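The lines below spell out each chain.
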Protein chains: 2
Amino acid sequence: VDSMDKSVVRIAVDAMGGDYAPAEVVKGAVQAAQRGGVEIILVGPEDRVQAELSRYDVEGLSLLVHHTSQFIVDGESPARALRAKPEASMLVTARLVKEGQAEAAVTLGHTGAAMISALWVLGTLEGLQRPVAGGVACFLAPQTMLLDLGVNVDCKPRQLLQFAAIGVAYARSLLGIPEPTVALLSNGSEEGKGTERVKEAHQLLKRSGFKFIGNVEGWDIPAGRANVIVCDGFVGNVFLKYGEGLSRALAAWLQERLAGLLPAQELARLGQELGGLLELEEQVGGGPLLGVKGVMVVGHGRSRAPAIEKAIGQARLAVVNRLVETIEEEWRRISRS
Amino acid sequence: VDSMDKSVVRIAVDAMGGDYAPAEVVKGAVQAAQRGGVEIILVGPEDRVQAELSRYDVEGLSLLVHHTSQFIVDGESPARALRAKPEASMLVTARLVKEGQAEAAVTLGHTGAAMISALWVLGTLEGLQRPVAGGVACFLAPQTMLLDLGVNVDCKPRQLLQFAAIGVAYARSLLGIPEPTVALLSNGSEEGKGTERVKEAHQLLKRSGFKFIGNVEGWDIPAGRANVIVCDGFVGNVFLKYGEGLSRALAAWLQERLAGLLPAQELARLGQELGGLLELEEQVGGGPLLGVKGVMVVGHGRSRAPAIEKAIGQARLAVVNRLVETIEEEWRRISRS
């Protein structure tokens with residue numbers, strides 16, 4: 001989708017977030033700038049960021065530095081740290097979006113802190129208390145996105161309907177599916193299956209106007225039975241992390257099982273590919289916080305330059321494909337219902 | 001464990017349950033009888049069961065037929081069918097256990113119908129409304145059992161404690177672990193993470209006297225972080241079915257990915273082994289209904305003879321290792337707390 005679009009998107013990048021900040025963040029940003037289609041604003045202490053930039057030939061690249069001396073340190077309590085450091089790089093990154101100086105924000109810092117920054121600075125949609133985590137969770141089914149993946153637990157039926165609205169917009173703008181099908185994750189395909197809340201959500205979804213195909217079960221996720229599958233963040237989180245654990249355990253199993261049958265290098269590649277299929281962050285390098293009034297992509301803390309470049313690409317795509325606006329449209333539609 | 005024990009266990013087998021009944025059921029029963037350590041009572045229409053038996057040399061094997069002309073047909077509503085057919089093979093199979101004519105029951109019929117049969121005929125432990133489904137759900141971690149896997153949804157915190165008691169007994173008698181560790185599945189390892197009910201269950205488990213190691217996350221399941229992992233049946237079911245779907249999807253992916261690199265036969269075997277790792281029924285051929293006052297093993301409807309033989313082996317093991325008595329002991333212990 002993005003290769004077709006030549007428009008330049010201005011993206012603020014938190015240079016101090018993630019395990020390898022600022023070195024790998026700056027490296028990833030330089031690579032993204034080289035690729036084109038973006039103007040990058042690196043947010044962090046000017047001297048440290050410039051020191052990293054000096055390692056590369058950045059002549060002619062759209063790379064700016066926005067100075068701030070504060071940043072969140074690993075191990076700090078997110079809310080307390082953000083309150084104590086109003087000029088923390090993560091908050092400033094979000095603020096650049098709020099003030100219109102950037103069209104999207106990218107951070108690899110602590111997910112909880114990113115949520116709070118998005119909430120404080122950008123705000124969420126009317127009636128939504130926290131951002132929603134969602135995305136393609138199993139790349140055996142790349143046209144299927146799942147949400148919530150761990151932020152919102154103990155969801156009321158109405159929230160599951162809201163997830164559907166967000167998911168439909170996500171599938172439309174980021175997966176390029178004009179009329180996404182929607183399903184509800186349950187412990188049986190029949191309408192009467194599920195927890196009390198799931199059963200109520202089923203009724204709401206039936207009347208929603210979405211292309212609701214009913215309940216789906218665990219095996220329907222890798223099979224890609226629907227484009228949008230909604231579930232409580234508790235279930236989504238268990239599911240997502242099971243995939244990650246399985247990817248590691250199966251890679252180890254394949255290493256041992258196929259030792260001698262395939263060259264070691266081939267086996268290592270196979271393990272990596274498995275990670276790409278089952279681990280969200282490995283594949284996309286991050287995802288946008290959903291339901292937030294602005295684009296803010298949060299990548300995994302252990303990201304290195306290639307994943308950071310991908311996260312920046314994700315942010316660009318979200319802007320070009322009008323993710324936030326599309327979510328707002330669907331949101332208004334269900335709010336009237 | 002069972003190879004050490006020479007005692008003979010009398011097992012009633014519902015000859016009319018499962019997609020390939022009675023042919024494959026009888027075949028699996030004959031194989032189990034040949035293996036030894038069991039006396040089999042095949043429950044079903046005498047003529048049909050005898051016709052199947054006549055295909056094998058059963059001379060000297062402990063195989064009896066208990067006649068009943070009624071049985072449940074595929075597609076019938078379980079409760080209605082069982083009410084209309086008081087002599088249905090599934091009910092009679094359970095009744096033989098209740099009356100002491102057999103020590104364990106095995107059926108491959110509809111799981112819902114098996115639950116109801118167990119409930120009506122054998123009954124559940126004091127305070128337990130429905131049987132509990134549990135077992136080793138991911139064979140990358142063969143010393144880890146998960147429950148509930150789909151029967152009990154919307155569980156109260158007290159139920160999760162009950163699952164722990166059942167799980168500890170299961171791990172002790174069927175997995176041979178004297179002091180099993182117990183964990184609570186959640187969306188974060190910290191004590192404060194989870195739904196309201198999970199947080200309350202955490203407090204109950206802390207005071208339970210079990211070797212409770214706290215919350216575990218999705219990736220801790222294949223890693224085998226605890227011997228007993230408890231969760232609501234809604235979550236367990238999604239998880240279990242995701243593993244099954246993933247196994248199929250990954251087998252297909254490996255087939256394609258390794259085509260030309262490995263012989264076709266080797267690839268087919270790899271796919272099967274993957275099924276053995278991720279699909280509950282493939283590996284054990286069935287599991288006992290837990291919390292029932294008697295051993296009743298329910299196998300998958302699509303089981304063929306080898307899986308049926310395994311289900312019979314499971315039933316034998318549950319009797320020899322005093323599964324029901326061990327569950328009752330743990331049950332009494334938490335009931336006093």
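Higher on the page you've got the structure.
Reference entry: report on the structure contained in this document. (Residues numbered from 1 in each chain as written. Chains lettered and ligands numbered in written order. Predicted model: local features only at pLDDT ≥ 70, side-chain atom pairs only at ≥ 80, totals over all residues. Heavy atoms only, no water.)

**Side note on the packing of helix 1 (residues 23-35) of chain B against helix 2 (residues 46-53) of chain B**
Residue and element names in this part refer to chain B.
Step number 1: Following both chains from N to C, one finds helix 1 and helix 2 inclined at 55 degrees, their axes separated by 9 Å at the closest point. The pairing of helix 1 with helix 2 is recorded here as oblique in orientation. Between helix 1 and helix 2 the crossing geometry is right-handed. Here A23, V26 and V30 of helix 1 lie close against helix 2, whose contacting residues are V49, E52 and L53.
Step number 2: Here the residues of the contact of helix 1 with helix 2 are counted per class, giving five nonpolar, no polar and one charged. (Axes fitted to C-alpha atoms, helices over the stretch in contact; angles between N-to-C directions. Helix = DSSP H or I, 4+ residues; strand = E, 2+ residues; numbered from the N terminus. Parallel < 35°, antiparallel > 145°, perpendicular 65-115°, else oblique. Left-handed = near helix turned anticlockwise from the far one by under 90°. Contact = heavy atoms within 4.5 Å. Nonpolar A, V, L, I, M, F, W, Y, C, P; charged D, E, K, R; others polar.)

**Describing the interface of chain A and chain B**
Step number 1: Counting from both sides, the interface comprises 45 residues of chain A and, opposite them, 45 residues of chain B.
Step number 2: Of the roughly 4,100 Å² buried at the junction of chain A and chain B (both faces included), carbon and sulfur atoms supply 74%.
Step number 3: Taken as a group, W219(A), F234(A) and Y242(A) account for 18% of the area that chain A buries against chain B, more than any other trio of residues on that side.
Step number 4: Run the count over chain A and chain B and you get six salt bridges. (Buried area = accessible area lost by both parts, 1.4 Å probe. Salt bridge = Lys/Arg side-chain N within 4 Å of Asp/Glu carboxyl O.)

**What to know about the packing of aromatic side chains**
Step number 1: On inspection of all chains with the given rule, the structure shows three aromatic pairs over all chains.
Step number 2: Between the aromatic rings of Y242(A) and Y242(B), the centroid separation amounts to 6.0 Å while the plane-to-plane angle is 70 degrees, which identifies the pairing as edge-to-face. Here Y242(B) lies in helix 8 (residues 233-257) and Y242(A) lies in helix 8 (residues 233-257), a pairing that spans two chains.
Step number 3: Given a relative accessible area of 1%, Y242(A) falls into the buried group.
Step number 4: Three or more aromatic residues joined by ring pairs make a cluster, and in this case those are F239(A), Y242(A), F239(B) and Y242(B). (Phe/Tyr/Trp six-rings, centres within 6.5 Å; stacked < 30°, edge-to-face > 60°. Buried < 20%, exposed > 50% of the residue type's maximum accessible area, 1.4 Å probe, protein only.)

**Regarding the relation of the copies chain A and chain B**
Step number 1: Screw-axis analysis of chain A against chain B gives a translation of 0.0 Å along the axis, an RMSD of 0.1 Å, and a rotation angle of 180 degrees. As the rotation angle and translation indicate, the two copies are arranged about a two-fold axis.
Step number 2: Mapped onto chain B, 100% of the interface residues of chain A again fall at the interface, so both copies present the same surface. (Least-squares fit on C-alpha atoms with pLDDT ≥ 70 in both.)

**So, the sheet that holds strand 11 (residues 295-298) of chain B**
Residue and element names in this part refer to chain B.
Step number 1: Ordered in space as 3-2-1-4-11-10, the six strands form an open sheet in which the pairing is mixed. Edge positions in the open sheet fall to strand 3 (63-67) and strand 10 (287-288), since each of these has one partner strand only.
Step number 2: Bridge count for strand 10 against strand 11 is two bridges, and the pairing is antiparallel. Across the sheet, residue G287 finds its bridge partner in strand 11, namely V298.
Step number 3: Where helix 5 (residues 111-122) meets the sheet, it contacts strand 4 (104-107) and strand 11, and its direction lies at approximately 175 degrees from that of strand 11. (Pairing = 2+ DSSP bridges.)

**Points about helix 8 of chain A**
Residue and element names in this part refer to chain A.
Step number 1: In this model, helix 8 (25 residues) spans 35 Å end to end at C-alpha, consistent with the 36 Å of a helix rising 1.5 Å per residue.
Step number 2: Burial within helix 8 is extensive, with 21 of its 25 residues counted as buried.
Step number 3: Between the side-chain oxygen of the N-cap and the backbone nitrogen of F234 there are 2.8 Å, and the N-cap of helix 8 in question is D232. (Expected span 1.5 Å × (residues − 1). Polar contact = N/O pair within 3.5 Å; in protein donor to acceptor, adjacent residues only side chain to side chain.)

**Considerations on the sheet that holds strand 1 (residues 9-14) of chain A**
Step number 1: Here six strands make up an open sheet; going across it, the order is 3-2-1-4-11-10 (chain A) and the pairing mixed. Edge positions in the sheet fall to strand 3 (63-67) and strand 10 (287-288) of chain A, since each has one partner strand and no second.

**Some thoughts on empty space enclosed by the protein**
Step number 1: Taken as a whole and judged by the stated rule, the model has three cavities of 30 Å³ or more.
Step number 2: Here the largest cavity defines a volume of roughly 50 Å³.
Step number 3: If you go around the largest cavity, the residues you meet are V235(A), V238(A), F239(A), Y242(A), V235(B), V238(B), F239(B) and Y242(B).
Step number 4: Every element with two or more residues in the lining of the largest cavity is listed here: helix 8 of chain A together with helix 8 of chain B.
Step number 5: Here the residues of the lining of the largest cavity are counted per class, giving eight nonpolar, no polar and no charged. (1 Å grid on protein atoms, 1.4 Å probe; cavity = no way out; pocket = protein on both sides within 12 Å on 5 of 7 lines; lining within 4 Å. Points joined across faces, edges and corners; volume = space filled by probe spheres on them.)

**Some words on the environment of M16(B)**
Step number 1: Positionally, M16(B) belongs in the loop between strand 1 (9-14) and helix 1.
Step number 2: Ignoring sequence-local partners within four residues, the contact set of M16(B) consists of A21(B), P22(B), V43(B), G44(B), P45(B), R48(B), F71(B) and S89(B).

Nothing here speaks to function; it is all geometry.
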